[in-house]
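Single-letter residue listing:
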Amino acid sequence: MTRLWFETAYLADGWARHVTLDVTDGRITAITPDTDSSDIAERHAIALPGLPNLHSHAFQRAFAGNTEVRGPSSDSFWTWREAMYRAVDRIDPSDVEAIAAQVYVEMLEAGFTRVGEFHYLHHDGDGRPYADIGELSHAIAAAAGETGIALTLLPVFYAHGGFGAQEPTHGQRRFINDINSFGRLIESARQGLESLPDAVLGIAPHSLRAATVEEIAAILPLTDGPIHIHVAEQTKEVDDCLSWSGRRPVEYLLDNAPVDARWCLIHATHMTATETLAMARSGAVAGLCPITEANLGDGIFPAPDFVAAGGRYGVGSDSNVLINAAEELRLLEYSQRLAHRARNVLAMNEGRSTGETLFGSALKGGAQALQGAAGLAVGAPADIVSLDAGHPSIGGRSGAAILDGFIFAAARPAIDCVWRRGEKLVEGGHHHARESVAARFRATLAKISA
Ligand code: NGQ
Ligand code: ZN
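Computed from a prediction, not measured in an experiment: that's the story for all the values here.

Conventions and cut-offs
- Residues numbered from 1 in each chain as written.
- Chains lettered and ligands numbered in written order.
- Predicted model: local features only at pLDDT ≥ 70, side-chain atom pairs only at ≥ 80, totals over all residues.
- Heavy atoms only, no water.
- Donors = N, O, S within 2.8 Å, 3.2 Å for Na, K, Ca; no water.
- Buried < 20%, exposed > 50% of the residue type's maximum accessible area, 1.4 Å probe, protein only.
- Pairing = 2+ DSSP bridges.
- Helix = DSSP H or I, 4+ residues; strand = E, 2+ residues; numbered from the N terminus.
- Axes fitted to C-alpha atoms, helices over the stretch in contact; angles between N-to-C directions.
- Expected span 1.5 Å × (residues − 1).
- Contact = heavy atoms within 4.5 Å.
- Core = buried A, V, L, I, M, F, W, Y, C linked by side-chain atoms within 4.5 Å.
- Near = heavy atom within 4 Å.
- Polar contact = N/O pair within 3.5 Å; in protein donor to acceptor, adjacent residues only side chain to side chain.
- Areas by Shrake-Rupley, 256 points an atom, 1.4 Å probe, with all protein chains shown as cover.
- Nonpolar A, V, L, I, M, F, W, Y, C, P; charged D, E, K, R; others polar.
- Salt bridge = Lys/Arg side-chain N within 4 Å of Asp/Glu carboxyl O.

Of the protein atoms, only His55 (NE2), His57 (NE2) and His230 (NE2) coordinate the zinc ion (ligand 2), at distances of 2.0 to 2.2 Å. His57 sits in the buried class, given a relative accessible area of 3%.

Okay, here's the thing in structure tokens:
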């Protein structure tokens, strides 16, 4: 058994002081507030639960910051997507593992302890399946195992290039499966996760552009894990869906698929008031990715109406252009402030802290969307983040004000240690494998850009 002591801790049922946490086989087995620390070696100031990161495309970290130069015509999500397709051309399985390991080290250092990997790079550079069709899923699992992050793997079903089962383009050749090959992929992915602690297998029809509702119905029985899908991220997607079906993407999805609490709708940026209400009532989580949505020029999620209707949300780092949990939450709130010319929008009720509301909501929504327990509670994995009490925006605060300082006022990183299953992976803000993982990542970038 390992024993940790914290001056203050944000537990599943609220803030407590002088907390002893007992950890056995990676799980929290006892939580005792108001304890004496004198015979406990591991003493820290502030404990938060690790946050789930509900949406990542790890490979996109390989070109983070490389699509910020203006092109010949006006740049958009769609020109970015072409650049992304070119960037995947030369990535092989060992590169996927090296890039994902870098991403997962950065996530752990940022306070994310579980990742939902929306994994759609499946085949070789010619679009042919590897000898084991799940080879690249195994590379993702290996990177999670090496770095210690908990993984909810979401193998992506991707069959078409646009609404109405359009032919996929050349740039999409590494993503494509039919229902049969996807069944084999899921089986291989399942085997690849067997030895990974706390791993969860879900499924992800990429979008209504890439999967028909008939195909979605056919693949759903392949797992009982979470179901994720991109929807209504760009206005062009809404326009194309309208001209193809007469309905908007979220409307179409809710009418034609069994969307419930097992689902996570990624982005769902462009919704009418009716769609927003219907999505909130479905119980599905909104997978919001504020940094990427800003980077790609997507638009602003109708968060106040959605949350007022009981909607749940979590956050994801999506394109991994920048990996920072606090900044995802900050930008989620700031985009609302800019849109509504108001303050403390997502706190929703008088007297509530915005930071604590954002953090608590993303914790719950992320746990639901990834089917991985989160929060400091008996029985949950000991996935814990400690903050640096010497940080000028953290020290001297208590309770919710700690989260307001962490999210809104801390420029330099405020995270000290991160434990996964009770094992200390990050200390003094550094993951124990940071240097070796970064060296391999740099070598990979040099190779694929040569
Ligand atoms: C993706 N990414 O699958 O990586 C998408 C772009 C698409 C984001 N939407 C591709 N952020 O949606 O077709
Ligand atoms: Zn995405």
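Working definition: the strands of a sheet are paired by backbone hydrogen bonds and lie parallel or antiparallel to each other. Taken together, 8 strands build an open sheet; the order of strands is 3-2-1-4-14-15-16-17 and the sheet is mixed. Only two strands of the sheet have a single neighbouring strand rather than two, namely strand 3 (27-32) and strand 17 (430-431).

Moving on: the sheet that holds strand 12 (residues 285-288). In spatial order, the strands read 10-11-12-13; together these 4 strands make up an open sheet with parallel pairing. Two strands lie at the open edges of the sheet, namely strand 10 (227-231) and strand 13 (312-315), each paired on one side alone. The average angle at which neighbouring strand axes cross in this sheet is 30 degrees, direction not considered. For strand 10 and strand 11 (residues 263-267), the ladder comprises 5 bridges, and the chain directions are parallel. Pairing of His228 across the sheet is with Cys264, part of strand 11.

All right, on to helix 14 (residues 434-449) then. Between its first and last C-alpha, helix 14 extends 22 Å over 16 residues, near the 22 Å set by a 1.5 Å rise per residue. Packing partners of the buried residues in helix 14 comprise helix 2 (93-110).

Okay, the nonpolar core next. Counting residues in each nonpolar core, the largest one holds 125 residues, and the members touching the most others are Tyr104, Leu151, Trp263, Leu265, Leu387 and Phe406. For this core, the leading source of residues is helix 2, giving 10 residues.

Surrounding ligand 1, one finds 15 residues, the nearest of these being Arg81, Tyr120, His206, Arg209 and Glu233. A distance of 2.8 Å is found between an oxygen atom of ligand 1 and a side-chain nitrogen or oxygen belonging to Gln60. Protein contact buries 100% of the 340 Å² of open area that ligand 1 shows by itself. In terms of residue count, the dominant contributor to the shell around ligand 1 is helix 1 (residues 77-88) (4 residues). The residue makeup of the shell around ligand 1, split by class, is 5 nonpolar, 6 polar and 4 charged.

Across all of its chains, the model carries 23 salt bridges by this definition. A salt bridge links Asp89 to Arg173; its shortest N-O distance comes to 3.1 Å. Of this pair, Asp89 sits in the loop between helix 1 and helix 2 while Arg173 sits in the loop between strand 7 (150-157) and helix 4 (179-192), placing them 84 residues apart in sequence. Overall, Arg173 belongs to the buried group, its relative accessible area being 16%. For Lys447, the salt bridge goes to Asp95, with nearest N and O atoms at 2.9 Å. Separated by 352 residues along the polypeptide, Lys447 in helix 14 and Asp95 in helix 2 bring together distant segments of the chain. We classify Asp95 as buried; its relative accessible area is 2%.

With a phi close to 45 degrees, Asp318 is a non-glycine residue in the positive phi region. Tracing the chain through its elements places Asp318 in the loop between strand 13 and helix 11 (325-340). The class of Asp318 is buried, set by a relative accessible area of 4%. The phi angle at Asn344 is positive, at roughly 45 degrees, despite the residue not being glycine.

In this structure, Gly314 sits in strand 13. By relative accessible area, which is 0% here, Gly314 ends up buried. Along the chain, Gly314 and Gly405 lie 91 residues apart, while their C-alpha atoms are 20 Å from each other. Apart from residues no more than four positions distant in its own chain, Gly314 is found in contact with Leu54, Val285, Ala286, Gly287, Leu288, Ala362, Gly365 and Gly366.

When the terminal C-alpha atoms of helix 4 are compared, their 20 Å separation across 14 residues agrees well with the 20 Å that a helix rising 1.5 Å per residue should span. Listed as buried for helix 4 are Ser181, Phe182, Gly183, Leu185, Ile186, Ser188 and Ala189. On its buried face, helix 4 sits against helix 3 (135-147), strand 7, strand 8 (200-201) and helix 5 (213-219). Capping the start of helix 4 is the job of one residue whose side-chain oxygen sits 3.1 Å from the backbone nitrogen of Asn180: Asp178.

Nothing here speaks to function; it is geometry throughout.
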